[in-house]
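Listed below are the residues making up each chain.
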Amino acid sequence: EILRDSYHVLEAENGRECIEKLQAEAGNIALVLLDINMPVMDGFEVLKAMNADHTIEDIPVIMISSEDSDATIRRSYELGASDYVNRPFDARIVYRRVTNTIKLYAKQRRLVQMVSEQIRARENNTDMLVGVLSHIVEFRNGESGAHVRHIRIITELLLRRLLESSRYSITAEQQDMIPLASALHDIGKIGIDEKILNKPGRLTPEEFEVMKTHSMLGAQMLHDLDNFAEQPLLQTAYEIARWHHERWDGRGYPDGLKGDEIPISAQLVSLADVYDALTSERCYKKAFSHEKAVQMILNGECGAFNPLLLQCLTDIQADLKEELQQRN
């Protein structure tokens with residue numbers, strides 16, 4: 001009655017009905033006034049349910065109860081209540097506390113939205129700059145920027161499948177960064193002589209040795225950036241640039257790392273890079289079909305890879321083939 005003139009009020013006879021109405025009206029509830037002693041499901045059980053489905057993070061709860069022991073009040077706050085009002089109460093004080101809490105949460109939601117938009121804008125800018133850098137490399141390499149885009153998509157598909165196994169602990173931050181950083185895997189090619197970079201025929205052993213230096217060149221360029229130590233994205237890009245030509249059996253370069261000595265970020269991009277190289281037309285070769293490329297990789301014709309990643313490649317074959325068809 002106190003609030004009806006200013007707000008649309010829903011009522012519930014017990015805790016269970018309260019939870020049902022919260023679910024039915026998700027996104028429309030500004031605040032809950034909650035008693036403790038109720039039939040079917042008491043106030044503490046309602047708070048526990050709101051904690052379990054995280055609605056307590058978005059909907060403030062004010063407890064109104066004649067229970068005034070310190071233990072009861074403390075438990076209410078521990079379970080996420082925003083405020084506690086004892087019976088008997090002053091109607092004007094209840095009204096003011098309700099309006100203040102609703103305003104506070106509305107302001108908090110606006111701030112969260114503002115911060116989210118700023119983070120999204122920064123991510124878009126980072127994305128765009130990484131895209132520009134990688135396209136410069138590809139342009140100099142005599143290829144379209146499509147290679148970079150494909151590597152990112154293939155890396156994402158492999159990573160998504162890999163996460164379904166629990167063998168590697170990859171944080172949510174890394175899950176976002178690995179596909180983005182994959183675009184810089186060949187940044188070291190900026191430092192390779194164009195005559196070698198764009199040679200249509202097979203490279204001589206000496207030329208191949210020069211070509212191999214691109215992984216260390218790229219890693220060094222990233223490492224030398226002023227804010228390298230504070231930027232996880234640059235550190236992930238460094239791992240990928242330096243070690244995406246390492247091989248599971250230790251016969252890769254530049255450091256001859258073996259097995260899981262190779263960071264999983266570099267392992268993912270390595271496999272994505274080989275698959276895309278096989279299925280793309282280059283100045284020195286025709287494109288292989290999806291089936292042929294997968295078979296060559298699984299047969300060990302393109303170097304040794306983590307068996308778990310080979311299984312991931314097998315599992316995502318249909319999605320990869322669809323991706324290949326879309327780009328052709």
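Right, let's walk through the structure included here. The structure displayed is predicted, hence computed values, not measured ones.

1. As for the pattern of salt bridges
Now for step 1: Summed over the entire model, instances satisfying the criterion amount to 15 salt bridges.
Now for step 2: Here Glu 11 and Arg 4 are joined by a salt bridge, their closest N and O atoms 3.0 Å apart.
Now for step 3: Among the residues examined, Glu 11 registers a relative accessible area of 54% and is labelled exposed.
Now for step 4: The residue Glu 164 makes a salt bridge to Arg 161 at a minimum N-O spacing of 2.2 Å.
Now for step 5: Judged by its relative accessible area of 58%, Glu 164 falls in the exposed class.
Now for step 6: Overall, Arg 161 belongs to the partly exposed group, its relative accessible area being 30%.

2. Structural notes on the pairing of strand 3 (residues 83–86)
Now for step 1: When strand 2 (residues 61–65) meets strand 3, the two strands line up parallel, connected through four bridges. In the sheet register, Ile 62 faces strand 3, and the bridge partner there is Asp 83.
Now for step 2: Running through helix 3 (residues 70–78), the crossover from strand 2 to the neighbouring parallel element strand 3 is right-handed.

3. Some words on helix 10 (residues 232–243)
Now for step 1: Between its terminal C-alpha atoms helix 10 stretches 16 Å, which fits the 16 Å expected from twelve residues at 1.5 Å a residue.
Now for step 2: In terms of burial, helix 10 is largely enclosed, as nine of its twelve residues are buried.
Now for step 3: Listed in full, the buried residues belonging to helix 10 are Leu 233, Leu 234, Thr 236, Ala 237, Tyr 238, Ile 240, Ala 241, Arg 242 and Trp 243.

4. So, the environment of Tyr 253
Now for step 1: Among the secondary structure elements, Tyr 253 is positioned in the loop between helix 10 and helix 11 (264–279).
Now for step 2: Residues contacting Tyr 253, with those up to four places away along its chain left out, are Phe 208, Lys 212, His 214, Ser 215, Arg 242, His 245 and Glu 246.

5. Remarks on the sheet that holds strand 1 (residues 32–34)
For sheets, the rule is that strands pair by backbone hydrogen bonds, running either parallel or antiparallel.
Now for step 1: Strand order in the open sheet formed by three strands is 1-2-3, and the pairing between neighbours is parallel. The open sheet is flanked by strand 1 and strand 3, the only strands paired with a single partner. Pairwise comparison of adjacent strand axes, ignoring direction, gives a mean angle of 25° for this sheet.
Now for step 2: As paired elements, strand 1 and strand 2 share three bridges and run parallel to each other. Counted as the bridge partner of Leu 33 is Ile 62 from strand 2.

The rules behind these values
Residues numbered from 1 in each chain as written. Predicted model: local features only at pLDDT ≥ 70, side-chain atom pairs only at ≥ 80, totals over all residues. Heavy atoms only, no water. Salt bridge = Lys/Arg side-chain N within 4 Å of Asp/Glu carboxyl O. Buried < 20%, exposed > 50% of the residue type's maximum accessible area, 1.4 Å probe, protein only. Pairing = 2+ DSSP bridges. Helix = DSSP H or I, 4+ residues; strand = E, 2+ residues; numbered from the N terminus. Right-handed = clockwise from strand over helix to strand, strands pointing away. Expected span 1.5 Å × (residues − 1). Contact = heavy atoms within 4.5 Å. Axes fitted to C-alpha atoms, helices over the stretch in contact; angles between N-to-C directions.

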